[in-house]
Amino acid sequence: MSITDTKDITPTNINQAIDMAVNDQAISEDDKLHTQRRKPYIKPQAANWYRQNSFFQHYMLRELTSIPVALESLNLFWGLVSLSGNLEHWQRWVTVQSNFLMIIFHLLVIVAALYNSYTWFGAMPKAMRIQRGEKFVGENILIGGSWVTLVIILAVLAAIVYYFAH
Amino acid sequence: MSKENLTQNLNNTIPTDNLSEITIEVQRYRPEQDDELWWQSFEIEWSQDMSILDALVYIKDNLAPDLAFRWSCRMEVCGSCGMVVNGVPKLACSTFVRDYASLGKISINALDQLPIEKDLIVDVNPFIEKLESIKPYIINAAATPTLTNKPEPETVAPNKEYKQTPAQLAKFKQYTMCINCLLCYQACPQVGLNANFLGPAASALAHRYNLDNRDTGKAQRFDVMNKADGIWPCTFVGYCSEVCPKHVDPAGAIQQSKAAAVPQWATSLFGKKSQS
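The following paragraphs examine the structure supplied in this document. (Residues numbered from 1 in each chain as written. Chains lettered and ligands numbered in written order. Predicted model: local features only at pLDDT ≥ 70, side-chain atom pairs only at ≥ 80, totals over all residues. Heavy atoms only, no water.)

**Re unusual backbone geometry**
Residues and elements named next belong to chain B. Its identity is not glycine, yet His 247 carries a phi of approximately 55°, on the positive side. Positionally, His 247 belongs in the loop between helix H9 (239-243) and helix H10 (250-269). The exposure class of His 247 is exposed, given its relative accessible area of 62%. The phi dihedral of Asp 249 is positive, around 60°, even though this residue is not glycine. You can see Asp 249 is positioned in the loop between H9 and H10. Its relative accessible area of 10% is what places Asp 249 among the buried residues. (Helix = DSSP H or I, 4+ residues; strand = E, 2+ residues; numbered from the N terminus. Buried < 20%, exposed > 50% of the residue type's maximum accessible area, 1.4 Å probe, protein only.)

Structure, rendered in structure tokens:
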């Protein structure tokens, strides 16, 4: 006996009824029509999405800091190449560095790098959770530890520069 | 806090003029009649305990009977009433009209990073498919009978307990709090750019099961997570964690998953798929 209604289902044909339901054969014509009538509206993301709230603006600022840092890396690379060249090359690079605009650029790079560190140190406790028993090490300890580590590294670098300069 | 202080605080947050009326703008879309989204404005009286959901129910009961929106528990548990309130993804049940009273206007629209079916109702199927793909349940190799694996009575769970210490539970408990409200998907600009991106909630739930000591299905989940549309489109904007009403922190879960995914990928290069 074919199953055309729920009252046709018996203990012997229940598996067949389940198969029919799974294969969507049990969907009524009304339901099929309703499904066909659907007209979902797809809204594309606005091109200026990153200007829509301050959270996104800060995110874009964080990402933008990579540009001055990348340019400074190129500048230092140029310095390295000049150093491996002759004295004239090296002196030209040093002269460029002491240009007023270059000094402004260096200051901008420092601000950008520090802001980048500030944002990523703030995000670090999310990415690197340290569990102690049933608790996690506090966010402030991890963020504070990051700053202390940065200061130590900068101090060591400054000491090395000072040592070779004298 | 004393009653006087409480009254004082409330008085400070309430604007003194036009106390009782507020404009609610709702973005409408009726698939049978409309080709575009449009805004409909309602003036309603509000009270201190009125949530956005209460306001919508009032509008539906009294002003626009055909307005469509989802809701159920009214207590931040079911995750049905996610919508965008003044540009911010919110649960309508736990967002209050009084917090917008000083603005005099509230705009409400659907979680439009998903297909809008009608008014404030969206099609959640794209999310459900992503959720299914990461197998959001405990996979236990020892307990799964296969042609070659007959479960050992001593290791199989059916008649036994899965043991878990409080510390092992703490490792992932935060990620179990997800109510699938999809506010995080609305908050994610990467979902906006690429609708196929696995997205915050599904990734956080994958991470939840990967961290579970009873589970051995990590390799199967990383097969999905390491695909181009898996966890890698995430650029750690972090707004998903900001809007999450249950403090799940999907952004953190994705970054932790990325760190775990690299060794998993490297291992798979040599054809050895780790089961743990």
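Next, the rest of the story.
**With respect to helix H8 (residues 218-225) of chain B**
Every buried residue of H8 of chain B is accounted for by Ala 219, Arg 221, Phe 222, Val 224 and Met 225 of chain B. On the buried face of H8 of chain B, the contacting elements are helix H3 (125-133), helix H7 (200-210) and H10 of chain B. (Contact = heavy atoms within 4.5 Å.)

**Details of the pattern of salt bridges**
Inspection of every chain in the model, using the stated rule, returns 14 salt bridges over all chains. With a shortest N-O distance of 3.1 Å, Lys 39 of chain A and Asp 35 of chain B are connected by a salt bridge. Of the two residues, Lys 39 of chain A is situated in the loop between helix H2 (29-37) and helix H3 (54-64) and Asp 35 of chain B in the loop between strand E1 (21-28) and strand E2 (38-45); the pairing between them involves two chains. Overall, Lys 39 of chain A belongs to the partly exposed group, its relative accessible area being 30%. (Salt bridge = Lys/Arg side-chain N within 4 Å of Asp/Glu carboxyl O.)

**Some thoughts on the sheet that holds strand E3 (residues 82-85) of chain B**
Residue and element names in this part refer to chain B. Taken in spatial order, the five strands of this open sheet run E2-E1-E5-E3-E4, and their pairing is mixed. Looking at the sheet topology across the chains shown, the edges are occupied by E2 and strand E4 (88-91). In this sheet, neighbouring strand axes are inclined to one another by 35° on average, regardless of whether the strands run parallel or antiparallel. Both E1 and strand E5 (residues 105-109) contribute to a ladder of four bridges, which runs parallel. Bridge pairing in E5 links Ile 24 to Ile 106. Most of the contacts of helix H2 (residues 52-62) go to E2, to which it runs at about 100°, and overall it touches E1, E2, E3 and E5. (Pairing = 2+ DSSP bridges. Axes fitted to C-alpha atoms, helices over the stretch in contact; angles between N-to-C directions.)

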